[in-house]
Amino acid sequence: MTYQNPSLDPVAELKANVARPFEDAKAMPKSVYTSEAFCDLELENIFRKEWVCVGRADALKSAGDYITYELAGQPIMVLRDAEGFLRAQSNVCLHRMSTLLHGDGNARNITCPYHGWTYNLDGTLRGAAAMGKNEGFCKAGMKLPEIRCEEWLGWIMVTLSADAPPLAEQLGEVEALVGDFGMADYRQSFRETHVWDTNWKVLAENFMESYHLPVCHAATIGGLSKLEEMECPPSHPAFNYHWILKDADKLPIAVAHPQNTKLKGDLRRTTFLLTIYPSLMITLTPGYFWYLSLHPEGPGKVRIVFGGGFSPDFADDPKAPDYLAQVKALLDSVNVEDKGCTERVYKGLCSGLSQPGPLSHLERPNYDFAQWLAEKIG
Ligand code: FES
Ligand SMILES: [Fe+2]
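Brief notes about the pattern of salt bridges
Working step 1: Taken as a whole and assessed by the stated rule, the structure comprises 15 salt bridges.
Working step 2: For K201, the salt bridge identified is with E42, shortest N-O distance 2.7 Å. Of this pair, K201 sits in helix α6 (residues 200-208) while E42 sits in helix α3 (residues 36-47), placing them 159 residues apart in sequence. Neither K201 nor E42 differs from the other in exposure class; each is buried.
Working step 3: The salt bridge involving E297 is made with R303; its shortest N-O contact spans 2.6 Å.
Working step 4: The structure contains a network of salt bridges with shared partners spanning D81, R87, K143 and E146.

Written out as structure tokens, the structure is:
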């Protein structure tokens, strides 16, 4: 049961919250997480307008490889077409509007599971049985609506907006920041979808701060990093980031491979935690990466694409499969801890007596995210 004071308007509350200086910052108001109306505003002003990540381009290698996604209520498919291009299009049949593909896989062409209309990979209608007697029906020109899709540093990004500026324009500084990692060439080894019982922003904010690592993750990665070795610079308008330094002896794949000559000095043991607004969270280490792409399913549920893999330096290393299995097992345990923490926060902020508390200097990205959110919603 969600407690809400109907006299409070989430947008007005958020504006008051972000007007505070960082030195006096508080967590965002509860209504921003729990209100249905605010969630609708997010779908309209953020998820229908911004670039959202659906996965990694290297996972769609062959013609017909596809993944499906639901973006702000719109079912979409992203596939590698016959010419080798990534293509995103509506995943809804042009007949009586059934969805077409489900999950992920490979399709030579697209067949509707309802009456069997078929489509080529480029979305053009290929066949429709028993339509010859309808004189108004003309197959030519029938094509699934296209959706904007860009590949950026290996990420497949889609948007329902015709006006969103190209990603490279907004995210040039990310490229400058982590350019030596060569993220575009990292290879995905797993991609899963999960749903957790929390608001998408609770999970996003959990990712943005590493303040919780020593305690929430005491049983797993808590000991790998120290609060005094975390840097949280002010954010960029389109993303925020912080970094932590890791010790080589504890997790060999978290530091640069001996054959990697591009990364120098502390960068060889630096883990970047990047949040690309609105909802792509990337943990980038010299040896491996993992990511979360978040989408709200109402205020109290978040759909998560969780994926990861390794840098090309480790591709030929005979120990790579072992390292990777070790990292995947570790990430699964870390996720269980984050799930617990973020679901407990959601429960707490739905309660009548809870109040947003003050932020640490290690929660600078959270403060900046609130500013970004207020601007988009406002
Ligand atoms: S709804 Fe797709 S073939 Fe009828
Ligand atoms: Fe965490």
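Focus: the packing of aromatic side chains
What describes a pair of aromatic rings is the distance from one ring centre to the other and the angle between the planes of the rings.
Working step 1: Under the criterion given, the structure shown has 19 aromatic pairs.
Working step 2: Residues F369 and W372 carry aromatic rings whose centres are separated by 6.0 Å and whose planes lie at 15° to one another, so their mutual orientation is stacked. Of this pair, F369 and W372 both sit in helix α9 (residues 364-377), three residues apart, which is roughly one turn of that helix. Each member of the pair, F369 as well as W372, carries the same accessibility label: buried.
Working step 3: An aromatic cluster of three or more residues is present, and its members are F47, W200, Y277, F369 and W372.
Working step 4: Over the ring of Y69 we find R303, and its NZ or CZ is 5.0 Å from the ring centre.
Working step 5: Directly above the aromatic system of F190 lies the positively charged group of K328, at a separation of 4.8 Å from the ring centroid.

Parameters at a glance
- Residues numbered from 1 in each chain as written.
- Chains lettered and ligands numbered in written order.
- Predicted model: local features only at pLDDT ≥ 70, side-chain atom pairs only at ≥ 80, totals over all residues.
- Heavy atoms only, no water.
- Salt bridge = Lys/Arg side-chain N within 4 Å of Asp/Glu carboxyl O.
- Helix = DSSP H or I, 4+ residues; strand = E, 2+ residues; numbered from the N terminus.
- Buried < 20%, exposed > 50% of the residue type's maximum accessible area, 1.4 Å probe, protein only.
- Phe/Tyr/Trp six-rings, centres within 6.5 Å; stacked < 30°, edge-to-face > 60°.
- Lys NZ or Arg CZ within 6 Å of the ring centre and 35° of its normal.

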